[in-house]
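Secondary and tertiary structure notes
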Amino acid sequence: MLTKPLVVAHKGASAYLPGNTLAAFDFAIRQGADCIELDVQLTGDGNIIVYDQWCVEDGDLQRPVIQLSLDSIQQLRSQRRDRNAENEPSDLLTLPEVLSHLKHAKVELMIELKNSRLLQPLSLAHRVIDDLNDFAMISRSYLFSYDHELVAAIRSPDIRRGILYVGRLVNITETLHATRANFIETRNDFLDAGFVTQLHQMDVQICGSSTDDDKEITRLISLGVDMITTDAPDLARRVIEEAVGAQSA
């Protein structure tokens, strides 16, 4: 019996609108997303921003986010827009701004703690959890990262946490034990029925990595994954409903 995986909107409905923006998050909700995925990291002056790059371009230089103030990042991005006339959002969101906007929306949050060439501090997760508690949204949220040390550093028993990775781990059991992760996300071509069954027997959820391919979404549904990440939530929702409807017909 097929179950419906959750639709995770990658940076919102980023196939249609600039990602990590309120407009993209709102559009994803209208398209039937169950979860909004967004990326966070700390600036040099201690703000948690919703941003997926480790740096900001400054001419030919790459200025690390962790070494810049929020105002400096905003200024550099504004200068870049002026030079390139790119369709880039004018405002960089902070996590509290996003939480305030989505507090009453019927959606969960998947918050990626960004890793980078310059490491984010282990306190990043604790800062995010503090903000989630301030908005009473911790029960609606997941934290996850490619940086497994950031995940292992999470001490709160109330937050669901996961690991991202690319490849095949030598010992998934040891990694899950070390990080206390509740779910994993890896490349879809490393997911098969046997691996999904193994993880489910360990009470671990599986999130398929971002895809807008209807055939791949159908395959992930057949494997029994718990979540599917996509830039196009409307496409994923349609494919899921068709697959589940076809089985019950």
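Above this text sits the structure in question.
Here's a quick rundown of the structure. (Residues numbered from 1 in each chain as written. Predicted model: local features only at pLDDT ≥ 70, side-chain atom pairs only at ≥ 80, totals over all residues. Heavy atoms only, no water.)

**Some points on the packing of aromatic side chains**
Under the defined criterion, the tally for this structure stands at 3 aromatic pairs. Here the aromatic rings of Y142 and F183 are separated by 5.4 Å at their centres, their planes lie at 90 degrees, and the arrangement is edge-to-face. Here F183 lies in strand β9 (residues 183-186) and Y142 lies in strand β7 (residues 141-145), a separation of 41 residues in the sequence. Note on accessibility: Y142 and F183 belong to one class, buried. Ring pairs connect the aromatic residues Y142, F144 and F183, which therefore count as one cluster. Seen from the ring of Y142, R160 lies directly overhead, with NZ or CZ sitting 3.8 Å from the centre. (Phe/Tyr/Trp six-rings, centres within 6.5 Å; stacked < 30°, edge-to-face > 60°. Helix = DSSP H or I, 4+ residues; strand = E, 2+ residues; numbered from the N terminus. Buried < 20%, exposed > 50% of the residue type's maximum accessible area, 1.4 Å probe, protein only. Lys NZ or Arg CZ within 6 Å of the ring centre and 35° of its normal.)

**Section: the pairing of strand β5 (residues 61-64)**
Pairing of strand β4 (residues 55-58) with β5 involves 4 bridges; the strand directions are antiparallel. When the sheet's bridge partners are listed, D58 is paired in β5 with L61. (Pairing = 2+ DSSP bridges.)

**Looking at the environment of M227**
Relative to the helices and strands, M227 is located in strand β11 (residues 227-230). Along the backbone, M227 and V107 are 120 residues apart, and their C-alpha atoms lie at a distance of 14 Å. Ignoring anything within four residues of it in the chain, the contact list for M227 reads P5, L6, V8, M110, Y142, F183, Q205, I206, C207 and G208. (Contact = heavy atoms within 4.5 Å.)

**Regarding the nonpolar core**
One recurring pattern in soluble globular proteins is that nonpolar side chains are buried together. Residues L38, V40, I111, V128, L132 and L143 are the most contacted members of the largest nonpolar core, which totals 32 residues. For this core, the elements supplying multiple residues, two or more each, are α1 (22-30), β2 (35-42), β3 (48-50), α3 (95-102), β6 (108-113) and α4 (123-134). With 5 residues, the single largest contributor to this core is α4. Apart from residues no more than four positions distant in its own chain, L143 is found in contact with I111, A125, V128, I129, L132, I154, I159, R160, R161, G162 and F183. Within the second largest apolar cluster, 27 residues are counted, among which are V151, Y165, A232 and L235. (Core = buried A, V, L, I, M, F, W, Y, C linked by side-chain atoms within 4.5 Å.)

**Comments concerning helix α6 (residues 172-179)**
Among the residues of α6, I172, T175, L176 and T179 are the ones counted as buried. All buried residues of α6 fall inside an arc of 95 degrees around its axis, so they share one side. Exposed residues lying more than 90 degrees from the buried face of α6 are E174 and H177. Considering only its buried residues, α6 is in contact with α5 (148-152), β8 (160-165), β9 and α7 (193-201). For α6, the N-terminal cap is N171; the gap from its side-chain oxygen to the backbone nitrogen of T173 is 3.1 Å. Positive phi appears at R180, one or two residues downstream of α6, with a value of about 55 degrees. (Arc of directions from axis to C-beta. Polar contact = N/O pair within 3.5 Å; in protein donor to acceptor, adjacent residues only side chain to side chain.)

Keep in mind these values describe shape, not function.
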